[in-house]
Amino acid sequence: MAYRMHGGDLPQGPHRPVRESARTIVPRALGYLLPYWFPFLFILLCVLAIAGIGVLPPLLVRHIIDEAIPEKHLSLLYILAAAIVGIALVNGLLGVLQSYLNNMVSQRIMYDLRNELYTHLQGLSLRFFTANRTGEIMSRLNNDVAGIQNTVTSSLLSIISDFATVVITLTVMLALDWKLTLLGISLLPLFIIPTRLVGRRRRQLRRETQRARADLNSHMEETLNISGFLLMKVFHREPAEATRFRAHSQRLMRLEILQGLVGRWFFMSMGLFSAIGPALIYLWGGRLVIQEALTIGTIVAFVAYLGRLYGPVSSLATVYVDVQAALALFERIFEYLDTRSDIQESPSARALPAIRGAIEFEDVSFAYVPGRYALKDFTARIEAGQMAALVGPSGAGKTTFTHLLPRLYDPTSGVVRLDGVDIREVTLPSLRSHMGVVTQEPFLFHASIRENLLYGKADATQEELEAACQSAQLHEFIARLPEGYDTVVGERGYRLSGGEKQRLAIARALLKDPRVLVMDEATSHLDSLAESLIRAALERLLAGRTSVIVAQRLSTILRADVILVIDQGKLVEQGDHKELLARDGLYAQLYETQFRQQEDELLASRRL
Ligand code: ATP
C-alpha cells in the first residue's frame, strides 16, 4: 500500500512524494543491482563455494582421527593434512575474489545512486531548497548513500552465505548422527533470543548516536562557517556556544560508551553458550564412544560443525534489523528521487530563439504558502530595452516578481510572457539562456576569480574576461592582485569587499550577455567611490538590454524608464520619478523616507 508522506522536512504541495511500502522498495532497490548481475552471480558462486568447502575440514579431521592415526596409515595422513591446507588456500583465494567483486559492485551501485540523486536534486525547484535544511540534503547524499554500501552487498551476501552455511552444515551433521545433531542445536534458541534482544537495543542506540552526531555536526557547521563565526564573535557568544557544544559532545560520548557496554554482556553470554554446546556433545558423545557406538573423529567433527553454526545463526537472528535499516536508507533516498519539481517543462515546449525582451505580467498571482499571496492580480508591461525599477516597502513582493521571470517559481494563476510567448511554453534552458540574474548577495564559489567569471561563459577567452572586468570597473583591481585572475576569492567570496563582489557578479553577468537582466540591488551602504564604480559598471551592464531591478539606490531609480511601485503584492503606481512624485502617493512617501537622504549624498558627491 502506498501512502502519503507526512512530516515537516519535505515541502507540501507538488513536491510531496509518495512513500513506498517494503514490497515496492525491495524490488526497486534490487533494480540497482541489475546492471551488475553478472559479477553479482560470480560473487554468489564464490559465497556458496566458500560455504560448501567450509564443511570439508572437520570431515578430513575425522578421517585423520578415525582412520589414518589408528591404522598408522602415513600416506593417508599426509594426503589429508595437505588437503586441509589446500582447502584453506582455495577458500582464501575465493574470499579475495569475492571481496574484490563485492567491493567493485557496491562502489558502482553507490556511484550510480549518488549521481542519480545529485542530478535529480539539480532538477528540483527553488521551493525544495527553501523548504529543506541543507544539512539534511547533504546527509542523504553522503551518509545514506554510503550506508547502502554496507547493506546492499554485505547484508544481502551475508544472509545468503549464512543461510547456505547453516543448511550445508546441518545436512552434514544430520548425515553423521541425527541424535547428536538435535542435542547440539537444542541450544541454538539460547543464541537467538539474546541476540534479538541485544540487536534491538543496539539498533536503537545506533539511531540515537546518529542523531547525536548529526546535532553535533550541524552545531559545528553553524558556528564554524564564516557567517556563523562572525555572528558568534560580534555577539560574544563563544562561551555559550562552547557550553552547547560540550553538551552535544557529552551526549554523544555517553551514547558511544553505552553502545560499547551493551555488547559486553552479550558477548560474555555468547561465550558461555558456545562452551556449553561442545561440553554437552563431549558428555553425550563421550559416553557413546565408551560404549563404542560412536567414533572419536565424529565427536571432534561435530564440535567443529557446531562452532560453525553459532555465528551464522546469530546473525540470521538479527537479519530483520539489518533489512529494516537498509529499507529505511533506501526509503530516504527514494523519497528525494520521487520528489518532482514543481517547475515542469511542457511536453510541447519549444526553444526560444533570439528575443527582443518585452516582458508582460498578466493577472499574475503567486503564493509561497497556499492562501498567502506574495503577488496578487499583478499586471504590468516592460517594453524591450526598457529599464524597470521595482520599488516598495519591505516584503511587498519585489524579489518574488524577479523569481517568476526565470521560472524559479510559476505563478499560482495568470501568465508571464516574454515577447508575447507564455514562458511555460518555452524550454527551460533556452528561457534561462536569455536571462542574467544578479542577486542581492552575489554568490561566489571558493575558487579563483577566473573560475567564478567563467561561470557566466564557460569558453570565454582571457580577452573577453578582461573586457568584462574593464566594463565592470574591476580589471584594475584584479591586475593589482599578486595572482591576478587566479586569486582565490575565499569561501563565498569573503576575501573580497562587498563592492568588489558586486562588480564581480556584474562582470559575470556581462560575460553571459543576456537579453533580459534581473537584479536585486544590494542594500548595503557603500562609500561614494565604491558607489560610483558600481554605478559605472551597472551602466555598461544595462546598456541595450531589458532590465528589472529591485532598486535600493536613488541613482538606479532616477535612471529607470519606468518605476513599478509595489505594495502588499499589488502594483499600486507606475510611471517615472517626476510623475510619481507629483502623484504624492506611496512612491512620494518612500522617497521621503528612503531615498531623500541619498539624494543629498548624491548631490554632495557630484559637487566633489
Ligand atoms: P525586501 O525588500 O524586504 O527584500 P520584497 O519586496 O523583495 O522584500 P519578497 O521577498 O518578494 O519581498 O517577499 C514577499 C512576501 O513573501 C513576504 O511576505 C515574504 O515573507 C514572503 N516570502 C518570501 N519568500 C518566501 C518563501 N520562500 N516562503 C514563504 N514565504 C516567502
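Definitions and limits used
- Residues numbered from 1 in each chain as written.
- Predicted model: local features only at pLDDT ≥ 70, side-chain atom pairs only at ≥ 80, totals over all residues.
- Heavy atoms only, no water.
- Helix = DSSP H or I, 4+ residues; strand = E, 2+ residues; numbered from the N terminus.
- Rg over C-alpha atoms; globule rule 2.2 N^0.38 Å.
- Contact = heavy atoms within 4.5 Å.
- Areas by Shrake-Rupley, 256 points an atom, 1.4 Å probe, with all protein chains shown as cover.
- Lys, Arg positive; Asp, Glu negative; His and termini not counted.
- Charge placed at Lys NZ, Arg CZ, Asp CG, Glu CD.
- Near = heavy atom within 4 Å.
- Polar contact = N/O pair within 3.5 Å; in protein donor to acceptor, adjacent residues only side chain to side chain.
- Nonpolar A, V, L, I, M, F, W, Y, C, P; charged D, E, K, R; others polar.
- Phe/Tyr/Trp six-rings, centres within 6.5 Å; stacked < 30°, edge-to-face > 60°.
- Buried < 20%, exposed > 50% of the residue type's maximum accessible area, 1.4 Å probe, protein only.
- Lys NZ or Arg CZ within 6 Å of the ring centre and 35° of its normal.
- Salt bridge = Lys/Arg side-chain N within 4 Å of Asp/Glu carboxyl O.
- Axes fitted to C-alpha atoms, helices over the stretch in contact; angles between N-to-C directions.
- Parallel < 35°, antiparallel > 145°, perpendicular 65-115°, else oblique.
- Left-handed = near helix turned anticlockwise from the far one by under 90°.

S.K.: Is there a simple way to explain the overall build of the chain in this structure?
M.R.: Helix and strand counts for the chain stand at 22 helices and 12 strands. Relative to the compact-globule value of 25 Å for 608 residues, the chain shows a C-alpha radius of gyration of 36 Å, a clear excess of over 25%. Its C-alpha atoms give the chain principal-axis dimensions of about 120 × 55 × 45 Å. Contacts in the chain between residues far apart in sequence, at least 24 positions, make up 76% of those at least 6 positions apart. When the accessible area of the chain is evaluated, it comes to approximately 31,700 Å², of which 60% is carbon and sulfur surface. Computed over 64 positive and 61 negative side-chain charges, the separation of the two mean positions in the chain equals 6 Å.

S.K.: Honestly, the site of the ligand in this entry has me stumped. Any pointers?
M.R.: Lining the immediate surroundings of the ligand are Tyr368, Ala374, Pro393, Ser394, Gly395, Ala396, Gly397, Lys398, Thr399 and Thr400. In the model, an oxygen atom of the ligand is placed 2.8 Å from a nitrogen or oxygen of the Lys398 side chain. Note that an oxygen atom of the ligand is positioned 2.5 Å from one of the side-chain N or O atoms of Thr400. Protein contacts shield 62% of the accessible area of the ligand, which totals 640 Å² for the unbound molecule. At 3 residues, the largest contribution of residues to the shell around the ligand is made by helix α13 (residues 398–404). Taken together, the residues of the shell around the ligand sort by class into 4 nonpolar, 5 polar and 1 charged.

S.K.: Would you explain the packing of aromatic side chains in this entry?
M.R.: Tallying each qualifying case throughout the model produces 14 aromatic pairs. For the pair Phe361 and Phe401, a centre-to-centre distance of 4.1 Å together with 10 degrees between the ring planes defines the contact as stacked. With Phe361 in strand β3 (residues 359–369) and Phe401 in helix α13, this residue pair connects regions lying 40 residues apart in the sequence. What makes Phe401 buried here is its relative accessible area of 0%. Members of the aromatic cluster, each reached through a chain of ring pairs, are Tyr32, Phe330 and Phe334. Looking at Arg140, its charged tip hangs above the ring of Tyr336, at a distance of 4.3 Å from the centre. Across from the ring centre of Trp284, 6.0 Å away, lies the NZ or CZ of Arg287, which sits over that ring.

S.K.: Even after reading the chapter, I still don't get the pattern of salt bridges, so can you show me in this structure?
M.R.: Pairing is possible between side chains of opposite charge, provided their charged atoms come close. Tallying each qualifying case throughout the model produces 18 salt bridges. Two residues, Glu238 and Lys233, come together in a salt bridge whose shortest N-O distance is 3.0 Å. The salt bridge involving Asp513 is made with Arg545; its shortest N-O contact spans 2.7 Å. With a gap of 32 residues between them, Asp513 in the loop between α18 (498–512) and β9 (516–520) and Arg545 in the loop between α19 (528–542) and β10 (546–550) connect regions that are remote in the sequence. Assessed through its relative accessible area of 6%, Arg545 is described here as buried. Linked by salt bridges that have partners in common, Glu360, Glu362, Arg381, Glu383 and Arg417 make up one network.

S.K.: I tried to follow the packing of helix α3 (residues 56–68) against helix α11 (residues 296–317) on my own but got confused; where do I start?
M.R.: Describing two packed helices takes the angle between their axes plus the distance from one axis to the other. For the pair α3 and α11, the least separation of the axes is 8 Å and the interaxial angle reads 160 degrees. The angle between α3 and α11 falls in the class roughly antiparallel. Remark: the crossing between α3 and α11 carries right-handed chirality. From α3, Pro58, Leu59, Val61, Arg62, Ile65 and Asp66 reach across to α11, where they touch Ile296, Gly297, Thr298, Val300, Ala301, Ala304 and Tyr305. For the contact of α3 with α11, the residue count by class is 9 nonpolar, 2 polar and 2 charged.

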